[in-house]
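Okay, here's what each chain looks like letter by letter:
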Amino acid sequence: MPTVITMTVPYYFKQSQNYRLQQAAKQAFNDVFGKEYKIEVIPEPVAAAIDYICNRNTRRNISQTILIYDIGGGTCDVTIVRYSLSGSRLEFEVLGIDGDETLGGDDIDHLLFEYICNENNIDIDKLHSEPRYTKTIATLLDDARSVKESLSIQEDYNLVRPSLYVNNSYINIDTVITRQVLNDILRNQKRPKKNDSVIDALDAAIKRLKLKTHNVKVDLLLPIGGTSSIPVVQKVVKDNYPDSEHVNLPNIDSQVSVARGAAIYSALHDQRNLHPLGQSIHDISIKMRVAHSLSVAMYDGRLVKLINSNSPAPYKATKRFYATRSDASKQFIKLSTIELYQGEGRTTSSENVELVGRIDLSKYQLYTHDRDLKDIPFQVTFKADATNLEAQIIADGVNQDKTDLIINETIKL
């Protein structure tokens, strides 16, 4: 039995990202240690929930619902998880997932960067247009991160930066930035290249999650990641769930809980009889949901949705499609490729969709047997887990001997 290595990913990653990470890790461990490892990938919010339960010595025979909100450097996940601890088994069920794959601490860093520049009459466009100011930009972004982190635990921060090179000279920065200023920036300033503020984006994700989960009762609100510790960010979550208990983790716990949860998950799957949750708990299961919709591309670029986001996984969907072309004699069906996309969009050119797999059908010689194309349905059934997509295509009576065509394909997402 190979050793289990557990890796965590933002829940809002697309499946192709998860698969590439898993394959890279598998190759890296094999190259370095020269042995086989089983690479498990679990979402960061689930890992955080595992850690929370383990470190709170939760009593047995209990079930609770937790909303985990995780705003990291470049992604935002909001996830509702129900866990139950009974007998020898710990069970997790993801009830809902939403987020914003473009929202993160980097947004806040750049907004504070702009504020610092404006307060000190620094021309931002000129900084970005001339390579000699690369070090200046990096310095100011580091200062912005320091401001952000400090204002999570104190009301104001005095930014002092001597001898900063701008405008062909050196200036000294001495600026007091208050938490109220940060709050106003997060509420009112639009994010870089976006049409909403940090607070508006987070609030929209939480409201979508509430709709997906039909306003399920949430017992606990659990912040993960440095940006989630900002008071005005926490207020958005609390305002949406005013009756839920908010867990105030020590800063170090917030930063490392995902890693600890992954270690606990690995230990529970280890063959050396490790017991991170006590001698009586030796089994764990996780019921997942789909973070992004899965669609089939039509000949004109439209997307036909097969699996909706937030559907239980593993999942299965069956659709009927019809060929759109035949040869000039109308005796042969002409097919090309089925393309599968993941993400939320109506066409293949939509901003938030990604091509995740193809099924080549051009190699098949199919017959109409004097039928109209509208009378020859192709039934396509998809079954998918986190990294594999199995497709079965059945077309009635299209082989030369009028038997059914049956195609089975497996796609690595």
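Definitions and limits used
- Residues numbered from 1 in each chain as written.
- Predicted model: local features only at pLDDT ≥ 70, side-chain atom pairs only at ≥ 80, totals over all residues.
- Heavy atoms only, no water.
- Helix = DSSP H or I, 4+ residues; strand = E, 2+ residues; numbered from the N terminus.
- Buried < 20%, exposed > 50% of the residue type's maximum accessible area, 1.4 Å probe, protein only.
- Contact = heavy atoms within 4.5 Å.
- Areas by Shrake-Rupley, 256 points an atom, 1.4 Å probe, with all protein chains shown as cover.
- Lys, Arg positive; Asp, Glu negative; His and termini not counted.
- Charge placed at Lys NZ, Arg CZ, Asp CG, Glu CD.
- Pairing = 2+ DSSP bridges.
- Axes fitted to C-alpha atoms, helices over the stretch in contact; angles between N-to-C directions.
- Polar contact = N/O pair within 3.5 Å; in protein donor to acceptor, adjacent residues only side chain to side chain.
- Expected span 1.5 Å × (residues − 1).
- Core = buried A, V, L, I, M, F, W, Y, C linked by side-chain atoms within 4.5 Å.
- Salt bridge = Lys/Arg side-chain N within 4 Å of Asp/Glu carboxyl O.

A short note on the overall build of the protein
- A count of helices and strands for the protein gives nine helices and 21 strands.
- With the C-alpha coordinates of the protein rotated into their principal frame, the extents come out at 85 × 60 × 50 Å.
- Within the protein, the fraction of its 413 residues that count as buried is 48%.
- Across the protein, contacts joining residues at least 24 apart in sequence account for 64% of those joining residues at least 6 apart.
- For the protein, the accessible area works out to roughly 20,500 Å², and carbon and sulfur atoms hold 46% of it.
- Looking at the protein, you have 49 positive and 53 negative side-chain charges, and the mean spots of the two groups are 4 Å apart.

Remarks on the sheet that holds strand β5 (residues 89-100)
- With respect to topology, seven strands assemble into an open sheet ordered β9-β8-β3-β4-β5-β10-β13, the strand pairing being mixed. If you trace the sheet from one side to the other, it starts and ends with β9 (245-246) and β13 (312-313), each paired once.
- Of the pairings in the sheet, the one linking strand β8 (residues 220-224) to β9 comprises two bridges and is parallel in character. Its bridge partner being in β9, L220 is matched across the sheet by E245.
- Of the strands in this sheet, β3 (62-71), β8 and β9 touch helix α8 (residues 231-240), which is tilted by about 140 degrees from β3.

Re the environment of D98
- As for its position among the elements, D98 is in strand β5.
- Expressed as a C-alpha distance, the spacing of D98 and D77, which sit 21 residues apart in the sequence, is 6.2 Å.
- Residue contacts for D98: discarding those within four places in its chain leaves Y12, C76, D77, V78, A205, R208, L209 and K212.
- Side chain to side chain, D98 and K212 meet in a polar contact 2.7 Å long.

Considerations on unusual backbone geometry
- A cis amide bond links A313 to the next residue, P314, at an omega of 0 degrees.
- Inspection of the secondary structure puts P314 in the loop between β13 and β14 (315-322).

Considering the sheet that holds strand β17 (residues 353-360)
- What the four strands build is an open sheet, ordered β12-β11-β16-β17; its pairing is antiparallel. Across the chains shown, the open sheet's two edge strands, defined by having one partner strand only, are β12 (303-307) and β17. Taken pair by pair, the neighbouring strands of this sheet meet at an average axis angle of 30 degrees, ignoring direction.
- The pairing of strand β11 (residues 294-297) with β12 spans four bridges and is classified as antiparallel.

As for helix α7 (residues 198-212)
- In this model α7 runs 21 Å from its N-terminal to its C-terminal C-alpha over 15 residues, within 8% of the 21 Å that 1.5 Å per residue would give.
- Turning to α7, its buried residues number three or more, namely V198, I199, A201, L202, A205, I206, L209 and K210.
- Against the buried residues of α7 lie β3, β4 (76-86), β5, α3 (105-119), α6 (179-188) and α8.
- Just downstream of α7 lies H214, where phi reads positive at about 55 degrees.

What about the nonpolar core?
- Within the largest apolar cluster, 48 residues are counted, with the highest numbers of intra-cluster contacts made by L67, L127, L140, L186, L202 and V233.
- Excluding residues within four positions of it along the chain, L202 makes contact with I71, C76, V78, L103, V233 and V236.
- Core analysis: the next-biggest nonpolar cluster, separate from the first, contains 32 residues, I53, I66, I68 and I97 among them.

A word on the pairing of β5
- For β5, a buried count of nine out of twelve residues is recorded, marking the element as mostly surrounded by other parts of the structure.
- Two elements, β4 and β5, share eleven bridges in a ladder whose sense is antiparallel. Across the sheet, residue T79 finds its bridge partner in β5, namely I97.
- Relative to strand β10 (residues 283-289), β5 runs parallel, the two sharing five bridges. Bridging across to β10, F92 finds its partner in I286.

A short note on the side chain of T136
- Inspection of the secondary structure assignment puts T136 in helix α5 (residues 134-150).
- Excluding residues within four positions of it along the chain, T136 makes contact with L127, L164, Y165 and V166.

Comments concerning the pattern of salt bridges
- A complete count under the given rule lists 20 salt bridges for this structure.
- In this structure, R145 engages D109 in a salt bridge whose closest nitrogen and oxygen atoms are separated by 3.2 Å. You can see R145 sitting in helix α5 and its partner D109 sitting in helix α3, a full 36 residues away along the chain.
- Given the relative accessible area of 2%, D109 is considered buried.
- In this structure, D196 engages R191 in a salt bridge whose closest nitrogen and oxygen atoms are separated by 3.0 Å.

In short, shape yes, function no, at least from these values alone.
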